[in-house]
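Understanding the architecture of this molecule
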Protein chains: 2
Amino acid sequence: MPKLVARGITVSLDGYMAAPNQSLTQPFGDDGIKIMGWAFKTKYFKKMFGTEGGSEGLDNEFAVNADANVGATLMGRNMFSPLRGPWENEDWKGWWGDEPVYHHPVIVLTHHARKTFELKGGTSFTFVTEGLEAGVKQAFAAAKGKDVRVGGGANTLRQCIQSGLLDELHLVQSRELLGAGESLFAGLGAALKRYEVFEAKASDEVTHYIIKKKA
Amino acid sequence: MPKLVARGITVSLDGYMAAPNQSLTQPFGDDGIKIMGWAFKTKYFKKMFGTEGGSEGLDNEFAVNADANVGATLMGRNMFSPLRGPWENEDWKGWWGDEPVYHHPVIVLTHHARKTFELKGGTSFTFVTEGLEAGVKQAFAAAKGKDVRVGGGANTLRQCIQSGLLDELHLVQSRELLGAGESLFAGLGAALKRYEVFEAKASDEVTHYIIKKKA
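Residues numbered from 1 in each chain as written. Chains lettered and ligands numbered in written order. Predicted model: local features only at pLDDT ≥ 70, side-chain atom pairs only at ≥ 80, totals over all residues. Heavy atoms only, no water.

Residue and element names in this part refer to chain A. Structurally, Lys 3 can be placed in the segment before β1 (4-11). Owing to a relative accessible area of 30%, Lys 3 belongs among the partly exposed residues under this scheme. Sequence-wise, Lys 3 and Val 70 are 67 residues apart; in three dimensions their C-alpha atoms are separated by 9.2 Å. Here Lys 3 is in contact with Phe 140, Asp 147, Val 148, Asp 167 and Glu 168, once residues within four sequence places are set aside. (Helix = DSSP H or I, 4+ residues; strand = E, 2+ residues; numbered from the N terminus. Buried < 20%, exposed > 50% of the residue type's maximum accessible area, 1.4 Å probe, protein only. Contact = heavy atoms within 4.5 Å.)

Here it is, written out as structure tokens:
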């Protein structure tokens, strides 16, 4: 059975996915990017950004595995674009250049309809306005038997947990303290109790948790 | 220099020190006691409760170390007693029986004055009504050059972080998800950014973090 998964979701030790004051130039808020330090040190990320070297241990293994068997990505509109409200035109094609990193269909949850478009390397963007369940359904159809990965942001991920649609979460807990910001867990309540930690492994940088929905 | 330390402070993976509905019979709230599972498995805890066996690895080492070089304990009134408001009499002597586990002076922060009393084995309880700083000062005087350990509860510990008086926190992150409860970190804001993770070690049960105030 293909699964709805979220991977490489990184939080500070105090549970925040981003610090306050997120903006176009600071998507992780004031100084929040430091929680991603573990990823930037891996060989996999360095290669993605076109540089050599990088770590090859546990963190790199998890980074590589995050993309394994993924047939489609589901994301919220705020992850696709810094623009809000109705699309004034169709110029914005995402953050990821002419040939995005995905190489598979991306389903964007939005309140504002827009036509599907394709970019180089097999990445297409399809906009779904009928809500989370419709988006998940369409993403599974597009994934053709593979898993669907929830890209983010926090709001979309929280909806996937709240609804119980998420099957698996690879959580990365950084050792940075942010003090404030966008909490992954706050207010999830009983919805979170349907999940349990299946595996935990610590590297020198972070602790990785595989969290699964209870059978 | 003697330090103000908190040790063995255990939170769920989603950051709660206790689940909702704390009560006299359920001090960790509904099903919240499971976050302490790691401690109950250690040789140190088993011995404390008069039973044999128990684990001798990393978790046990941290449990043993939690009591090292401690000359006095500081706690909030709600940790000392389930009673609220002014003392109707002086019958309540704490949860810990005739010979409490402390074997040193305990300073209780309270709004309601009460006389110091002593129990067997070197444990005394002194009640301070002049607030956190006065309590800390008195605890250091009582500790005679050793460290002062903050016993809890959450409110007292959060005050110690907020004020910057806490020097060191040994945080234990369990792999249980509670969904709701008493958050250790929520709302600490900039106060928490004065601290940093100094050491992190994972066992099969939990991840231990030593968090220190920045120099």
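For the rest of this paragraph, the subject is the sheet that holds strand β7 (residues 147-152) of chain B. Residues and elements named next belong to chain B. Spatially, the nine strands line up as an open sheet ordered β5-β6-β4-β3-β7-β1-β8-β11-β10, and their pairing is mixed. With partners counted over all chains shown, the strands left at the sheet margins are β5 (117-118) and β10 (195-202), one partner each. Together, β1 (4-11), β3 (70-76), β4 (105-109), β6 (124-128) and β7 form the strand contacts of helix α5 (residues 132-143), whose direction differs from that of β3 by roughly 155°. In the packing of helix α6 (residues 154-162) onto the sheet, contacts are made with β1, β3, β4, β7 and β10, and the angle to β7 comes to roughly 135°. (Pairing = 2+ DSSP bridges. Axes fitted to C-alpha atoms, helices over the stretch in contact; angles between N-to-C directions.)

Residue and element names in this part refer to chain A. Residue Gly 152 is joined to Gly 153 through a cis peptide bond whose omega torsion reads -5°. Residue position: Gly 153 is located in the loop between β7 (147-152) and α6 (154-162). The residue Asn 21 is not glycine, and still its phi comes out positive at about 65°. Asn 21 sits in the exposed class, given a relative accessible area of 51%. Although it is not a glycine, Asn 69 sits at a positive phi angle of roughly 60°.

Turning to the pairing of strand β11 (residues 207-213) of chain B, a few remarks are in order. Residues and elements named next belong to chain B. Most of β11 is tucked away, with five of its seven residues classed as buried. With six bridges joining them, strand β8 (residues 168-173) and β11 adopt antiparallel strand pairing. Its bridge partner lying in β11, Val 172 is registered against His 208. As judged from the seven bridges shared by β10 and β11, these two strands associate in the antiparallel manner. Within the sheet, the bridge partner assigned to Ala 200 lies in β11 and is Tyr 209.

Moving on to the interface of chain B and chain A. Listed per partner, the contact involves 24 residues of chain B and 24 residues of chain A. At the boundary of chain B with chain A, total buried surface from both sides reaches about 1,900 Å², with 65% on carbon and sulfur atoms. For the chain B face of the interface with chain A, the top three residues by lost area are Leu13(B), Arg175(B) and Leu177(B), together amounting to 28%. Our count for the chain B to chain A interface comes out at zero salt bridges. Our count for the chain B to chain A interface comes out at four residue pairs in polar contact (both at pLDDT 80 or more). For the side of chain B that touches chain A, the secondary-structure elements that each account for two or more residues are β8, β10 and β11 of chain B. Examining the composition of the side of chain B that touches chain A, we find that five residues originate from one element, β10(B), more than from any other. Each residue belonging to the side of chain B that touches chain A can be placed in one class, and the counts come to 15 nonpolar, five polar and four charged. (Buried area = accessible area lost by both parts, 1.4 Å probe. Salt bridge = Lys/Arg side-chain N within 4 Å of Asp/Glu carboxyl O. Polar contact = N/O pair within 3.5 Å; in protein donor to acceptor, adjacent residues only side chain to side chain. Nonpolar A, V, L, I, M, F, W, Y, C, P; charged D, E, K, R; others polar.)

This model, assessed by the stated rule, comprises one cavity of 30 Å³ or more. Every residue lining the largest cavity is listed: Ile161(A), Leu166(A), Leu169(A), Phe185(A), Leu192(A), Tyr195(A), Ile211(A) and Leu177(B). Its residues assigned to classes, the lining of the largest cavity shows eight nonpolar, no polar and no charged. (1 Å grid on protein atoms, 1.4 Å probe; cavity = no way out; pocket = protein on both sides within 12 Å on 5 of 7 lines; lining within 4 Å. Points joined across faces, edges and corners; volume = space filled by probe spheres on them.)

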